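What follows is the residue order along each chain.
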Amino acid sequence: MKLSSVDYNLDWPASIKVKNLREFIIANLEKKGDLIRWSIVDIQNSTDSFGTKKLKIKAVLAI
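Residues numbered from 1 in each chain as written. Predicted model: local features only at pLDDT ≥ 70, side-chain atom pairs only at ≥ 80, totals over all residues. Heavy atoms only, no water.

Visitor: Explain the environment of Ile43 here, please?
Guide: Here Ile43 is to be found in strand 2 (residues 34–45). Ile43 gets classed as partly exposed once you look at its relative accessible area, which sits at 44%. Remark: the alpha-carbon pair of Ile43 and Trp12, spanning 31 residues in sequence, is separated by 9.2 Å. Apart from residues no more than four positions distant in its own chain, Ile43 is found in contact with Lys53, Lys54 and Leu55. (Helix = DSSP H or I, 4+ residues; strand = E, 2+ residues; numbered from the N terminus. Buried < 20%, exposed > 50% of the residue type's maximum accessible area, 1.4 Å probe, protein only. Contact = heavy atoms within 4.5 Å.)

Visitor: Where do I start with the packing of aromatic side chains in this structure?
Guide: Two numbers describe a pair of aromatic rings. These are the distance of the centres and the angle of the planes. Considering all chains together, one arrives at 0 aromatic pairs under this definition. The side chain of Lys53 reaches across the aromatic face of Trp12, ending 5.9 Å from its centre. (Phe/Tyr/Trp six-rings, centres within 6.5 Å; stacked < 30°, edge-to-face > 60°. Lys NZ or Arg CZ within 6 Å of the ring centre and 35° of its normal.)

Visitor: Before we go on, may I ask you to explain the sheet that holds strand 2 in this structure?
Guide: Strand pairing in a sheet relies on backbone hydrogen bonds. The paired strands run either parallel or antiparallel. What the 3 strands build is an open sheet, ordered 1-3-2; its pairing is antiparallel. Single-partner strands in this sheet number two, and they are strand 1 (3–12) and strand 2. Averaged over all pairs of adjacent strands, the angle between strand axes in this sheet comes to 20 degrees, irrespective of strand direction. Bridging between strand 1 and strand 3 (residues 53–62) involves 10 bridges; their strand directions are antiparallel. The partner of Trp12 across the bridge, within strand 3, is Lys53. (Pairing = 2+ DSSP bridges. Axes fitted to C-alpha atoms, helices over the stretch in contact; angles between N-to-C directions.)

Visitor: Looking at this model, I keep getting lost on the side chain of Thr52. Mind explaining?
Guide: Along the chain, the position of Thr52 falls in the loop between strand 2 and strand 3. Owing to a relative accessible area of 13%, Thr52 belongs among the buried residues under this scheme. Apart from residues lying up to four places away in sequence, Thr52 is in contact with Asp11, Trp12, Pro13, Asn45 and Ser46.

Visitor: Just checking my understanding: could you explain the pairing of strand 3 for this structure?
Guide: Looking along a regular strand, one sees the side chains alternate between the two faces of the sheet. Here strand 2 runs beside strand 3; their pairing, made up of 10 bridges, is antiparallel. For Ile43, the partnering residue across the bridge sits in strand 3 and is Leu55.

Visitor: Would you mind going over the side chain of Asn28 with me for this structure?
Guide: Relative to the helices and strands, Asn28 is located in helix 1 (residues 21–29). Within the structure, Asn28 has its side chain in polar contact with the backbone oxygen of Phe24 (distance 2.8 Å). Each residue touching Asn28, except ones within four places of it in the same chain, is listed here: Tyr8 and Leu10. (Polar contact = N/O pair within 3.5 Å; in protein donor to acceptor, adjacent residues only side chain to side chain.)

Dropping the structure here:
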């Protein structure tokens, strides 16, 4: 098993509520490998009219 530290940028659509954000992030990160740990490093408001936010996530994955 190899551990890999990754920086991941993810769009957070306005349709995803805060209480469902954890499941949304985990579902997207598990596509890359087995998730060990993750954290949100930064949240930025997008300039589009859809209310999307940009998340910067640091994660450790087992590949």
